[in-house]
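Chain and residue survey
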Amino acid sequence: MQNLDYEQMNGLSLAYIGDAIYELAVRQHLLGLGLTKVNDLQRHSRHYVSAKAHAALYQLMDQQQILQDQELLYFKRGRNAKSHTKAKNTDVVSYRISTGIEALFGYLYLSNQSDRLQELMEWIYIQVETGEASYE
């Protein structure tokens, strides 16, 4: 990671690494809940990792003012990035918000803010599991 300068990275590069970090955290969490069947894991994971889930989570983050100013800047860097791929199974706004969430987690990971990353993930688990971040 020494060669990765997150301050100079564009939003899509941050989102690329952030997607992997976020997905890994969710997978570990679901396995930690005792889920072992692949179909159950897939079904549960979409409540955390889909663009619609990210949009619902961001709406709560915004309402509750969860994100710090610097985190908002990196979220916006990802959200505003011009992607050449199309949104699958979602609208463009949700897709862009999802990219922003992924960029935020890329920033937290690359800037070695593991405590903050874990704090946000714990908040996300609670929102999803209590139904606060429901998108259906």
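Just above sits the structure.
Everything numeric here is computed off the predicted structure, so don't read it as measured data.

Positionally, S45 belongs in helix α2 (residues 38–49). If we skip the residues at most four places from it in the chain, S45 touches V26 and L30.

Here we take up the side chain of T99. Looking at the element boundaries, T99 is found in helix α5 (residues 92–110). On the basis of relative accessibility, which here comes to 9%, the residue T99 falls in the buried class. In this structure, T99 is in contact with L12, A15, G78 and R79, ignoring residues within four places of it in sequence.

Another aspect to go through is the packing of aromatic side chains. Applying the stated criterion to the full structure yields six aromatic pairs. On the basis of an interplanar angle of 10° and a centroid distance of 4.1 Å, the ring pair of Y58 and F75 is categorised as stacked. One end of the pair, Y58, is in helix α3 (residues 51–64); the other, F75, is in helix α4 (residues 69–79), with 17 residues separating them in the sequence. Assessed through its relative accessible area of 0%, F75 is described here as buried. Look at Y74 and Y107: their rings are 3.9 Å apart centre to centre, the planes differ by 5°, and that puts the pair in the stacked class. Within this pair, whereas Y74 is found in helix α4, its partner Y107 is found in helix α5, the two being separated by 33 residues in sequence.

Moving on, we get to the environment of K86. Topologically, K86 is positioned in the loop between α4 and α5. Separated by 47 residues in sequence, K86 and N39 place their C-alpha atoms 26 Å apart.

Using a probe with the size of a water molecule, rolled over the atoms, empty space left in the structure can be pinpointed. Of the voids in this model, the largest pocket is the one considered here, and its volume is about 590 Å³. Together, 21 residues line the largest pocket, and V49, A51, Y95, S98 and E102 are the ones closest to its centre. At the level of elements, α1 (11–32), α2, α3 and α5 are the ones that each hand at least two residues to the lining of the largest pocket. Counting residues per element, the lining of the largest pocket draws most heavily on α1, at five residues. Here the residues of the lining of the largest pocket sort into eight nonpolar, six polar and seven charged. Its volume calculated, the second largest pocket comes out at about 170 Å³. Along the walls of the second largest pocket sit 12 residues, with H44, H47, V128, E129 and G131 positioned nearest its centre. Of all elements in the fold, only α2 and α6 (114–129) reach the threshold of two or more residues within the lining of the second largest pocket. Among the elements that line the lining of the second largest pocket, the one with the most residues is α2, at three residues.

With that settled, the discussion passes to the nonpolar core. With 37 residues, the main nonpolar core has Y22, Y48, I101, L104, F105, M121 and I124 as its most contacted residues. For this core, the elements supplying multiple residues, two or more each, are α1, α2, α3, α4, α5 and α6. With eight residues, the single largest contributor to this core is α5. Ignoring sequence-local partners within four residues, the contact set of Y22 consists of Y48, V49, H54, L57, I101, F105, M121 and I124.

The backbone of Q65 sits at a positive phi, close to 50°, despite the residue not being glycine. By the element assignment, Q65 lies in the loop between α3 and α4. One non-glycine residue with positive phi stands out, namely N112, at about 60°. Relative to the helices and strands, N112 is located in the loop between α5 and α6. Its relative accessible area of 58% is what places N112 among the exposed residues.

Reading the values: rules and limits
- Residues numbered from 1 in each chain as written.
- Predicted model: local features only at pLDDT ≥ 70, side-chain atom pairs only at ≥ 80, totals over all residues.
- Heavy atoms only, no water.
- Helix = DSSP H or I, 4+ residues; strand = E, 2+ residues; numbered from the N terminus.
- Contact = heavy atoms within 4.5 Å.
- Buried < 20%, exposed > 50% of the residue type's maximum accessible area, 1.4 Å probe, protein only.
- Phe/Tyr/Trp six-rings, centres within 6.5 Å; stacked < 30°, edge-to-face > 60°.
- 1 Å grid on protein atoms, 1.4 Å probe; cavity = no way out; pocket = protein on both sides within 12 Å on 5 of 7 lines; lining within 4 Å.
- Points joined across faces, edges and corners; volume = space filled by probe spheres on them.
- Nonpolar A, V, L, I, M, F, W, Y, C, P; charged D, E, K, R; others polar.
- Core = buried A, V, L, I, M, F, W, Y, C linked by side-chain atoms within 4.5 Å.

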